[in-house]
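Spelled out from the first residue to the last, the chains are:
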Amino acid sequence: MEVSCLVAVADDWVVRTAGEVRAEAERRHPGEVPTCASGISPSGPVHLGNLRELMVPHLVADEVRKQGVPGRHILSWDDYDRLRRVPAGFPESFAEHIGRPLTAVPDPCGRHENWAEHFKEPLRESLARLAVLVTEISQTQMYTSGAYTGQIITAMRRRADISAVLARYQTKRNADPDDDDPRNAGTRAYYPFKPYCAVCGRDDTTVTGFDDETTEITYTCACGAQVGPVPIAEVAGKLAWKVDWPMRWAYEHVTFEPAGVDHASPGSSFTVGGELVTEIFGGEMPLHFGYSFVGTTGGSSKMSGSAGGAPTPADALEIFEAPLVRWLYARRRPEQSITLAFDQEVGRVYDEWDALSRKVADGTADAPARAVYGRAAGTAEGPLPVTPRPLPFRTLASVTDITAGDQAQILRILQDLTNQDPVASLDEVRPRLDCAQAWVAGYMDPADRTQVRREPDTDRLAGLSEEERCALKLLTERMGDDWSLNGLTTLLYGIPKLLRDLPLDAPRTPELKAAQRTWFILLYQLLIGKDTGPRLPTLLLALGQDQIRHLLIPG
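Residues numbered from 1 in each chain as written. Predicted model: local features only at pLDDT ≥ 70, side-chain atom pairs only at ≥ 80, totals over all residues. Heavy atoms only, no water.

1. Description of the packing of helix H7 (residues 241–252) against helix H9 (residues 269–279)
And then number 1: In contact at an axis separation of 9 Å, H7 and H9 are set at 55° when each is read in the N-to-C sense. Between H7 and H9, the crossing angle belongs to the class labelled oblique. Between H7 and H9 lies a crossing whose hand is right-handed. Counting all contacts with H7, which are made through Trp241, Lys242, Val243, Trp245, Pro246, Trp249 and Ala250, the residues of H9 involved are Ser269, Phe270, Val272, Gly273, Gly274, Leu276 and Val277.
And then number 2: Its residues assigned to classes, the contact of H7 with H9 comprises ten nonpolar, three polar and one charged. (Axes fitted to C-alpha atoms, helices over the stretch in contact; angles between N-to-C directions. Helix = DSSP H or I, 4+ residues; strand = E, 2+ residues; numbered from the N terminus. Parallel < 35°, antiparallel > 145°, perpendicular 65-115°, else oblique. Left-handed = near helix turned anticlockwise from the far one by under 90°. Contact = heavy atoms within 4.5 Å. Nonpolar A, V, L, I, M, F, W, Y, C, P; charged D, E, K, R; others polar.)

See the structure below:
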């Protein structure tokens, strides 16, 4: 039978899903708070795709709380899973621990209690910055404390029924080597429990018997150990994943848990779990839907140490303010894929966010945009911190690039840029300035970096045409009249007009546009030795009038 507990994702999917979650929680467990769930395996760096596993239920749980109802979002750490492989960038010596629980593997840096904690810590820090409130549950603690002993015994006694369900949905393709479901599902020898060997600590074990009455288990291990009969309550181990998941749904009274589209499609893990949670564990399948994948554009040398090179939430928070990261996830419906930019598109993303912020502030944003903005900018617990003076990201990146990060120079230029209401301290433009500096340092293409000439290009200056000389003379003589971003912008675009005896406010004809492009290329060549570069008004403010005259006035 096909089990379905899908919730709608159209329209305002957050509000709609939160309402359905509240109603369903009250029907199933009157008086209990709705429980939204996420599961993360800390086997390696937790990447931005994993973050969607947390953001989707977070948005729903937070909406439940905004509606005045207590809501719980549990983060189930799958830290009792086996170490399957050593992630890229880590010593191969850790291969010795493959097959052991993640919490039994040493910390690769020596600062944490174990391997799992090494990868939990940066995600915890990122979730705190993103204001994602979760209740953490360690599966190591749950299994080793005996919390699941009753469920394990039930699963072992009902192993034939579980095997029959699994067999109905097994595919003919070769099994994934990372799939921890036993390969002999559908046979009398199937057991849904995998012990960790009492001798070597690995899960290279085979259950050879289980007594339904005494609950004693026997098993062998590839290391040569033969264990049992011993009460299963005294044996370290865990249920196979497709049995473990529905067991936890019932145990935690999970009302809502989305998953990646691969797990939520017909015939997949949700289908199997939906039958097992009811038939074996006496619970109900959570409301759910599938969410699509998260991709990235751009790269950095600093990302190469992560498993597969996938950037993490901490990487994103280096270059994006926290509300903006939330917005990148909240603005897409779950069935829509997400692409996070780490390249030049970062500036465009900030521009879109700033435009939305202005529309919300002046009341011109439509209702859906306001709702998404509200979820990005704050939670039921309150607003997230923001940059007091959110200057354009591209401007901050250009200033950082031109000044090579010199803080005094950055402040001087920003004060020139805001001369009507000067920035008094760089703290006014943080954390956005910090994000821009991190992007320039880690993600800006080295070929795009700005290197200002130290000395004039005498050959190019000697070969100037008469029109080019006049243009440079106009710039160097008149730039001090309005030494500001707006003043320099008007002058730079206006010089080709003045050369043609046109007023500064003359419309930009195709001929004028071509002349302006040629004029800008000349300036870039004389100032930084390239045909393109940072916005010219910003560049001029960064250089200062003396340096400009030094580089542009022919000897």
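There is more to say, and it comes next.
2. Brief notes about the state of the cysteines
And then number 1: Inspection of every chain in the model, using the stated rule, returns zero disulfides.
And then number 2: The thiol sulfur of Cys221 is not disulfide-bonded, and the nearest other cysteine sulfur, from Cys223, lies at 3.6 Å.
And then number 3: Classification of Cys221 by relative accessible area gives buried; the value is 9%. (Disulfide = S-S within 2.5 Å. Buried < 20%, exposed > 50% of the residue type's maximum accessible area, 1.4 Å probe, protein only.)

3. Quick look at the confidence of the model for the chain
And then number 1: Looking at the chain as a whole, its pLDDT mean stands at 90, while 92% of the residues score no less than 70.
And then number 2: Put simply, helix H8 (residues 261–264) is where the chain has its lowest mean pLDDT, 68, and strand S3 (residues 135–138) is where it has its highest, 98.
And then number 3: A low-confidence stretch, residues 183–187 stays under pLDDT 50, and its non-local contacts, those more than four residues away or across chains, total 15 contacts.
And then number 4: Contacts from residues 300–307, a stretch scored under 50 in pLDDT, to residues over four places away or in other chains number 18 contacts. (pLDDT = per-residue confidence, 0-100.)

4. Section: the sheet that holds strand S7 (residues 226–231)
And then number 1: Pairing in this open sheet of three strands is antiparallel, and the strands run S5-S6-S7 from one edge to the other. Looking at the sheet topology across the chains shown, the edges are occupied by strand S5 (205–210) and S7. Each strand of the sheet is rotated relative to its neighbour by a mean of 20°, with strand direction disregarded.
And then number 2: Here strand S6 (residues 216–221) runs beside S7; their pairing, made up of four bridges, is antiparallel. Bridged to Thr220 within S7 is Gln226. (Pairing = 2+ DSSP bridges.)

5. Quick notes on helix H1 (residues 13–28)
And then number 1: Between its first and last C-alpha, H1 extends 22 Å over 16 residues, near the 22 Å set by a 1.5 Å rise per residue.
And then number 2: Among the residues of H1, Trp13, Val14, Thr17, Ala18, Val21, Glu24, Ala25 and Arg28 are the ones counted as buried. The arc that holds the buried residues of H1, viewed along the axis, is 135°, so those residues lie on one side. (Expected span 1.5 Å × (residues − 1). Arc of directions from axis to C-beta.)

6. Remarks on the packing of aromatic side chains
And then number 1: Inspection of the entire model under this criterion finds 21 aromatic pairs.
And then number 2: The interplanar angle of 55° and the centroid separation of 5.0 Å between the aromatic rings of Trp245 and Trp249 together place this pair among those described as tilted. Taken as a pair, Trp245 and Trp249 lie in helix H7 at a separation of four residues, close to a single helical turn.
And then number 3: Each ring, one from Phe393 and one from Trp439, has its centre 6.2 Å from the other, and the planes form 70°; the classification is edge-to-face. With a gap of 46 residues between them, Phe393 in helix H14 (residues 393–403) and Trp439 in helix H16 (residues 432–442) connect regions that are remote in the sequence.
And then number 4: By relative accessible area, which is 2% here, Phe393 ends up buried.
And then number 5: Feature note: the residues Tyr80, Tyr143, Tyr148, Tyr196 and Tyr251 constitute an aromatic cluster, connected by ring pairs.
And then number 6: Looking at Arg331, its charged tip hangs above the ring of Trp327, at a distance of 4.3 Å from the centre. (Phe/Tyr/Trp six-rings, centres within 6.5 Å; stacked < 30°, edge-to-face > 60°. Lys NZ or Arg CZ within 6 Å of the ring centre and 35° of its normal.)

7. Concerning the nonpolar core
And then number 1: One finds Phe320, Leu475 and Trp519 to be the most contacted residues of the largest nonpolar core, which totals 101 residues.
And then number 2: In contact with Phe320, other than residues within four places in its own chain, are Val325, Leu328, Ala341, Val346, Val349, Tyr350 and Cys435.
And then number 3: Counting 42 residues, the second largest nonpolar core, distinct from the first, contains Ile74, Leu166, Val227 and Val235. (Core = buried A, V, L, I, M, F, W, Y, C linked by side-chain atoms within 4.5 Å.)

8. Section: the sheet that holds S3
And then number 1: The three strands lie next to each other as S1-S2-S3, forming an open sheet whose pairing is parallel. Looking at which strands have only one partner, the edges of the open sheet turn out to be strand S1 (35–40) and S3. Mean inter-strand twist for the sheet, computed between neighbouring axes without regard to direction, equals 25°.
And then number 2: Here four bridges tie strand S2 (residues 72–77) to S3, and the two strands are oriented parallel to one another. Across the sheet, Ser76 pairs through a bridge with Ile137, a residue of S3.

9. Some remarks on the packing of helix H19 (residues 485–499) against helix H20 (residues 510–528)
And then number 1: Relative to each other, H19 and H20 sit at 120°, their axes nearing to 9 Å. As far as their axial angle goes, H20 and H19 are oblique. Crossing of H19 over H20 shows right-handed handedness. For the pair formed by H19 and H20, the contact residues are Leu492, Tyr493, Ile495, Pro496 and Lys497 on the first element and Leu512, Ala515, Gln516, Trp519, Phe520 and Leu523 on the second.
And then number 2: Looking at side-chain class alone, the contact of H19 with H20 contains nine nonpolar, one polar and one charged residues.

10. Brief notes about the side chain of Gln516
And then number 1: Along the chain, Gln516 turns up in helix H20.
And then number 2: Setting aside its immediate chain neighbours within four residues, Gln516 contacts Tyr493, Pro496, Lys497 and Arg508.

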